[in-house]
Amino acid sequence: MANLPSLHVTTDALSELDVDALLVPVFRGAIEGPGTETALRAVGLSDVPRDTSFRGKVGELLHLAAPGQPWGRVTLVGLGRLDTLSDEQLRRAMGSAIRAVATDARTIATTLAQTNPSGEALRAAAEGALLGAYRYDAHRTDPRPIRLTDITFVVPSAAVAGAREQLARARIHARAQTVAADLVSTPPNLLGPVEVVATARELLPDDIEVDVWDEDRLAEEGCGGLLAVACGSARPPRLLRLLYRPPDPVARVSIVGKGITFDTGGISLKRPSSAMNEMKGDMGGAAVVIALFTALAELQIPVEVHGEVCLAENMPGADAQRPSDVITVRGGTTVEVMNTDAEGRLVLADGLALAAEEAPDAIVDIATLTGAAPRAIGKRATAIFSNDDDLLRQLLAASHSAGEPMWHLPLWDDLRENLDSDVADIENLGRGDEAGATMGGLFLREFIDGLPWAHLDIAGPFWQDTARYHLPCHGTGVGVRTLLRWLDPRDG
Ligand code: BES
Ligand code: MN
Ligand code: ZN
């Protein structure tokens, strides 16, 4: 697991700060104006570099030597335009800045918070900074390791108490996000269903109740979706059931995660030329659920949270399920498996049915479910589906403040008939070759027993091929901070 830097606040004068690098925020366009001169003079540098192309765009950096100062150097950090300044701009700017200096500097300080000392802005800046210092490097003999250990925010004295609290929360959220990112990025030979369970046991604090259903128990309990998907793999499936029970909970929710540790498509094999390496992260939803449970107690979330983590590997082995097989999932619904690559909805059927049996106030599932979702709305956003306007509104608000964009897509009732099967209660593919992400949502809706429910399709943002702002290369852990904010009444 990654070691995130520690966060500090100080009211010390800049000239007292003994750090390797000082980060100074600059708004867009200000490099030629008085803003930069003021910023530079404040840090003891008088020369405005006239020959630079630095314009202060979000994440843009300019490194300057700082002779005669306690800090080895000054890095100007572009913040983008002042008139559109948002928390996400700060998160991104800090992510880029820290990513750029984290291999050289052990300690940095920043005046960033002074640009906007309100609590949420500082929190976003700190989230960006911590995530910028993260990278998945468990298997690399790294000539340039991350050396950064300490990040200090210089704040006005009136802001210190609030700042400490914001930094503490930022650290818990960012840390949980890196837990999810690590799980997604871990190579699939090292992380099958059994290994995910073992890793979760190591990560989870003692106050989380853990129950693991193996293949025998899954058979006894009628979880035919997990069993069918796992048939083609030498690795058995697991259902990891988590429970966080605070004293006097104000609500009860259930969160269900798709945990396909590798998705070849099964007999409906994915095209070998497609970027199948990404499918090591087809347990991105499961990773988010596990990561959430590492943070709930520390944040003192007053909500009872159930987690259903549906783990299987989708391989085309000799016992693999065939297109046209009929299986029975938890609760007795029969499913005609028309395409073995639509496997996520099969394992989620078991998980959602089990979640609904507890009759929680709300069910949220999170899954790398369909390639159609990023085709429709792009790779940066999560597609959200819901049968409940209030829940939808809450999740959209949380996603906005977390800087994890979501876009609402429809559950057209008219398209439900495309899931009608000739031989079973329902089929998993859907005729008509349209609205693929919606068809996934309509399939899942069959198993939630009419309870308030939202489905988050993270097939776009769970992954990226190169680091961007605060988000790392490969697994991003997107979804963790949104769901933590949703669960925390202090963030409401
Ligand atoms: N895990 C994939 C979806 C996916 C694709 C996630 C790309 C992330 C990036 C899922 O199991 C899948 O294969 N879905 C099929 C569904 C289809 C067969 C109905 C798809 O999207 O093509
Ligand atoms: Mn698939
Ligand atoms: Zn899949």
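The structure displayed is predicted, hence computed values, not measured ones.

Trainee: Can you help me understand the coordination of the zinc ion (ligand 3) in this one?
Mentor: Note on metal geometry: ideal angles are 109.5 degrees for four donors arranged tetrahedrally and 90 or 180 degrees for six donors arranged octahedrally. At the metal site, the zinc ion (ligand 3) is ligated by Lys258 (NZ), Asp263 (OD), Asp282 (OD) and Glu343 (OE), and these contacts range over 2.0 to 2.4 Å. Given the relative accessible area of 2%, Lys258 is considered buried.

Trainee: Help me understand the nonpolar core in this model?
Mentor: Most often, soluble globular proteins have nonpolar side chains that are buried together. Core analysis: the biggest nonpolar cluster contains 53 residues, and Phe293, Val305, Leu483, Trp486 and Leu487 have the highest contact counts within it. Examining the composition of this core, we find that nine residues originate from one element, helix α8 (residues 284–295), more than from any other.

Trainee: Explain empty space enclosed by the protein here, please?
Mentor: Any empty space left between the atoms is revealed when a probe the size of a water molecule rolls over them. Per the stated rule, a full pass over the model turns up one cavity of 30 Å³ or more. Within this model, the largest cavity holds a volume of roughly 30 Å³. Forming the boundary of the largest cavity are Ala180, Val184, Gly284, Val288, Ile458, Phe462, Thr476, Gly477 and Val478. Mapped by element, the contributors of at least two residues to the lining of the largest cavity are α4 (160–185) and α8. Residue composition of the lining of the largest cavity, grouped by class: six nonpolar, three polar and no charged.

Trainee: I'm lost on the sheet that holds strand β1 (residues 6–10) in this one. Help?
Mentor: Adjacent strands of a sheet pair through backbone hydrogen bonds, lying either parallel or antiparallel. Spatially, six strands are ordered β1-β6-β5-β2-β4-β3 in an open sheet, and the strand pairing comes out mixed. The sheet is open, and its two edges are formed by β1 and β3 (61–65), each paired on a single side. When the angles between neighbouring strand axes are averaged without regard to direction, this sheet yields 25°. The pairing of strand β2 (residues 21–26) with strand β4 (residues 73–78) spans six bridges and is classified as parallel. Looking at β4, one finds that Ala21 is bridged to Arg73. Sitting on the sheet, helix α3 (residues 119–132) is in contact with β1 and β6 (150–154), with an inclination near 160° to β6. Sheet strands touched by α4: β1 and β6. Its angle to β1, the strand with the most contacts, is close to 170°.

Trainee: I tried to follow the domain arrangement of the chain on my own but got confused; where do I start?
Mentor: Put simply, an interface is often sized by how much accessible area is lost when its parts join up. Structurally, the chain comprises domain 1 (6–156) and domain 2 (180–491). Contacts between the two partners involve 16 residues from domain 1, matched on the other side by 18 residues from domain 2. Inspection of the region where domain 1 meets domain 2 yields four salt bridges. The interface formed by domain 1 and domain 2 holds nine residue pairs in polar contact (both at pLDDT 80 or more) in total.

Trainee: Could you clarify how one ought to interpret the coordination of the manganese ion (ligand 2) in this entry?
Mentor: Around the manganese ion (ligand 2), the protein contributes the donor atoms Asp263 (OD), Asp341 (O), Asp341 (OD) and Glu343 (OE), which lie 2.1 to 2.2 Å from the metal centre. In this structure, the manganese ion (ligand 2) is surrounded by six donor atoms whose angles at the metal cover 72 to 169°, and the resulting shape is irregular. In the primary structure, the donors to the manganese ion (ligand 2) are separated according to the pattern D-x77-D-x1-E. If you look at the manganese ion (ligand 2) and the zinc ion (ligand 3), they sit 3.2 Å from each other and are both ligated by Asp263. In this pair, Asp263 sits in strand β9 (residues 251–263) while Glu343 sits in the loop between β12 (334–337) and α9 (344–357), placing the two residues 80 residues apart along the sequence. Glu343 sits in the buried class, given a relative accessible area of 0%.

Trainee: Looking at this structure, how should I read the layout of surface pockets?
Mentor: Taken as a whole, the largest pocket holds about 1100 Å³ of empty space. Lys270, Thr370, Gly371, Ala372 and Arg375 are the residues nearest the centre of the largest pocket, which is lined by 41 residues in total. The residue makeup of the lining of the largest pocket, split by class, is 17 nonpolar, 11 polar and 13 charged. Counted as a void, the second largest pocket has a volume near 430 Å³. Gln394, Arg485, Trp486, Leu487 and Asp488 are the residues nearest the centre of the second largest pocket, which is lined by 21 residues in total. Put simply, the parts of the chain that give the lining of the second largest pocket at least two residues each are β9, α11 (389–402) and α13 (480–487). By residue number, the principal contributor to the lining of the second largest pocket is α11, which donates six residues. Its residues placed into classes, the lining of the second largest pocket shows 12 nonpolar, three polar and six charged.

Trainee: What should I look at first to understand the packing of aromatic side chains in this one?
Mentor: Two aromatic rings are characterised by how far apart their centres lie and by the angle between their planes. Enumeration over the complete set of coordinates arrives at two aromatic pairs. A centroid spacing of 5.4 Å and a plane angle of 45° characterise the contact between Phe443 and Phe447, whose relative ring orientation is tilted. By relative accessible area, Phe443 is classed as buried at 0%. Residues Phe462 and Trp463 carry aromatic rings whose centres are separated by 6.0 Å and whose planes lie at 40° to one another, so their mutual orientation is tilted. Accessibility assignment for this pair places Phe462 and Trp463 in one class, buried. The positively charged end of Arg241 is found above the aromatic ring belonging to Trp213, 4.7 Å away from the centroid.

Trainee: What is the right way to read the site of ligand 1 from this model?
Mentor: Looking at ligand 1, there are 18 residues lining it, with Lys270, Asp282, Asp341, Glu343 and Gly371 nearest. Contact distances for ligand 1 include 2.7 Å between an oxygen atom and a side-chain N or O atom of Asp341. With respect to ligand 1, the backbone of Thr368 contributes an N or O atom lying 3.3 Å from a nitrogen atom. Contact with the protein chains covers 80% of the free accessible surface of ligand 1, which is 520 Å². Spatially, ligand 1 is embedded in the largest pocket. Classifying every residue of the shell around ligand 1 gives six nonpolar, four polar and eight charged.

Calculation rules
- Each chain has its residues counted from 1, following the order in which its sequence is written.
- Naming scheme: in the order in which they are written, chains are lettered from A and ligands are numbered from 1.
- For this predicted model, a pLDDT threshold of at least 70 governs which residues receive local features, and a threshold of 80 or more governs which side-chain atom pairs are given and counted, while totals over whole chains, interfaces and linings are taken from all residues.
- Here the side-chain values reflect all heavy atoms present in the structure, with hydrogen atoms and water set aside.
- Only nitrogen, oxygen and sulfur atoms qualify as donors, provided they sit within 2.8 Å of the metal or within 3.2 Å for Na, K and Ca; with water excluded from the atoms, sites may seem incomplete.
- Whether a residue is buried, partly exposed or exposed follows from its accessible area with a 1.4 Å probe, protein chains only, as a fraction of its type maximum: under 20%, in between, or over 50%, in that order.
- What we call a nonpolar core is a set of buried Ala, Val, Leu, Ile, Met, Phe, Trp, Tyr and Cys residues that are connected through their side-chain atoms within 4.5 Å.
- Under the DSSP-based scheme used, a helix requires at least four consecutive residues in state H or I and a strand at least two consecutive residues in state E, with every element numbered from the N terminus.
- For each structure, a 1 Å grid was placed over the protein atoms alone; sets of points admitting a 1.4 Å probe that cannot get out are labelled cavities, open sets with protein on both sides within 12 Å along at least five of seven lines are labelled pockets, and lining residues have an atom within 4 Å of a point.
- Grid points are joined across faces, edges and corners, and a volume is the space filled by probe spheres set on the points.
- Gly is put with the polar residues, along with every residue not named as nonpolar or charged; the nonpolar set is Ala, Val, Leu, Ile, Met, Phe, Trp, Tyr, Cys and Pro, and the charged set is Asp, Glu, Lys and Arg.
- Here a strand pair is declared whenever DSSP counts at least two bridges between the two strands.
- As a rule, the C-alpha atoms of each element are fitted with a line to give its axis, helices using only the stretch in contact, and angles between N-to-C directions run from 0 to 180 degrees.
- Any pair of residues with heavy atoms lying within 4.5 Å of one another is described as a contacting pair.
- Domain segmentation is taken from an automatic or database assignment of domains.
- Each salt bridge in this description consists of a side-chain nitrogen of Lys or Arg and a carboxyl oxygen of Asp or Glu lying within 4 Å of one another.
- Pairs of N or O atoms are called polar contacts if they sit within 3.5 Å, as long as, within protein, a hydrogen donor faces a hydrogen acceptor (for residues adjacent in sequence, only side-chain-to-side-chain pairs).
- Geometry is assigned from donor-metal-donor angles: four donors are tetrahedral when every angle falls between 85 and 135 degrees, four are square planar and six octahedral when opposite donors sit over 155 degrees apart with all other angles between 65 and 115, and any other arrangement is irregular.
- Classification of ring pairs rests on two measures: the distance between centres of Phe, Tyr or Trp rings, Trp counted by its six-membered ring, which must be within 6.5 Å, and the angle between planes, read as stacked under 30 degrees, edge-to-face over 60 and tilted in between.
- Think of it as a cone above the ring: NZ of Lys or CZ of Arg counts as a charge over the ring if it is within 6 Å of the ring centre and within 35 degrees of the ring normal.
- By convention in this text, a residue qualifies as near a molecule or strand provided that one of its non-hydrogen atoms is within 4 Å of it.
- Accessibility throughout is a Shrake-Rupley quantity obtained with a 1.4 Å probe, and a residue counts as covered only by protein chains that appear here.
- Should more than half of a molecule's atoms lie within 2 Å of a pocket's or cavity's grid points, that molecule is taken to sit in it.

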